[in-house]
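Summary of structural features
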Amino acid sequence: MSPAGAPPSFAKAVLIPMNGDQVETDPAKHIPVQFNPSTLRVTLANTLHADSGGGRRGRRPAAQYVEKSESSLAVELVFDTSVAQQGTPANSDVRALTGRIAETFMKPVDPDSARPGAPKRCRFQWGSFKFTGMLASYGETLDFFAPEGIPLRATLALTFKEDRYQFDRDESVRAAARAQPAFAPGGSDVSADRATQAAGGDPRDWRGVADLNALENPRFTPAGGVRIPGRD
């Protein structure tokens with residue numbers, strides 16, 4: 001659990017190369033995202049095939065079976081080097097980060113040979129969510145540049161595909177116990193510090209109450225009451 005007053009630490013999504021059906025165990029070869037995506041889009045599709053012997057007049061309808069199943073994951077990832085973070089110097093070329101994804105998961109093996117091999121499959125994992133597949137498409141949009149023309153921000157549109165049904169989740173990932181906000185009555189004569197004290201908290205923590213409830217003036221609280229941040 002995070003220390004009192006500290007922002008929670010969020011798990012980062014990561015792209016992990018696959019060695020056959022096994023994930024790469026060397027953490028140095030894992031590629032963490034810079035910012036977690038806002039959405040993940042999973043698509044499952046079946047191709048049905050009908051038994052050609054059925055469906056004739058006087059007979060029962062043709063039986064159908066699944067000839068092929070497909071799964072796909074679409075995700076957008078943002079990378080930004082306009083400020084220094086995660087060991088990346090400020091104003092460095094953002095494609096040094098995005099290029100690692102293209103090289104690892106999009107570039108064919110032995111591209112100069114007569115029959116280039118398929119790129120490595122990838123596992124996209126974010127907490128309990130996981131999806132394994134081939135990177136089928138890679139789209140990169142550069143939308144922020146330094147005065148020298150160095151690209152500093154990129155949005156990657158990635159689509160992973162796998163020729164099988166999958167709806168996997170990591171059962172080992174569990175939600176951590178977190179302190180729940182308390183509730184205190186408010187009103188035009190109840191300030192944020194008084195509301196905090198009424199809920200059994202330290203009145204000096206009024207700033208947390210003001211932030212949690214988006215109070216424009218901490219000297220006044222809504223008549224309907226206010227939420228008090230949970231305490232560790």
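In case you missed it, the structure is sitting above this.
Residues numbered from 1 in each chain as written. Predicted model: local features only at pLDDT ≥ 70, side-chain atom pairs only at ≥ 80, totals over all residues. Heavy atoms only, no water.

Below, the discussion takes up the side chain of glutamate 162. Residue placement: glutamate 162 occurs in strand β8 (residues 151-162). Reaching out from glutamate 162, the side chain makes a polar contact with the side chain of arginine 121 at a distance of 2.7 Å. Dropping the residues within four chain positions of it, glutamate 162 is found in contact with Ser69, Glu70, Ser71, Arg121, Thr132, Gly133 and Met134. (Helix = DSSP H or I, 4+ residues; strand = E, 2+ residues; numbered from the N terminus. Polar contact = N/O pair within 3.5 Å; in protein donor to acceptor, adjacent residues only side chain to side chain. Contact = heavy atoms within 4.5 Å.)

With that settled, the discussion passes to a nonpolar patch on the surface. Together, Val42, Leu44, Tyr165 and Phe167 make up an exposed nonpolar region whose accessible area comes to about 400 Å². Positionally, valine 42 belongs in strand β4 (residues 40-50). Residue classification places valine 42 among the partly exposed positions, given a relative accessible area of 33%. (Patch = residues over 30% accessible without salt bridge, like charges linked within 9 Å, V, L, I, M, F, W, Y side chains within 5 Å. Areas by Shrake-Rupley, 256 points an atom, 1.4 Å probe, with all protein chains shown as cover. Salt bridge = Lys/Arg side-chain N within 4 Å of Asp/Glu carboxyl O. Buried < 20%, exposed > 50% of the residue type's maximum accessible area, 1.4 Å probe, protein only.)

What follows covers the pattern of salt bridges. Inspection of the entire model under this criterion finds 10 salt bridges. For arginine 153, the salt bridge goes to aspartate 143, with nearest N and O atoms at 2.9 Å. Here aspartate 143 lies in strand β7 (residues 129-145) and arginine 153 lies in strand β8, a separation of 10 residues in the sequence. Classification of arginine 153 by relative accessible area gives partly exposed; the value is 28%. Measuring nitrogen to oxygen at the nearest pair gives 3.4 Å for the salt bridge that ties arginine 169 to glutamate 171.

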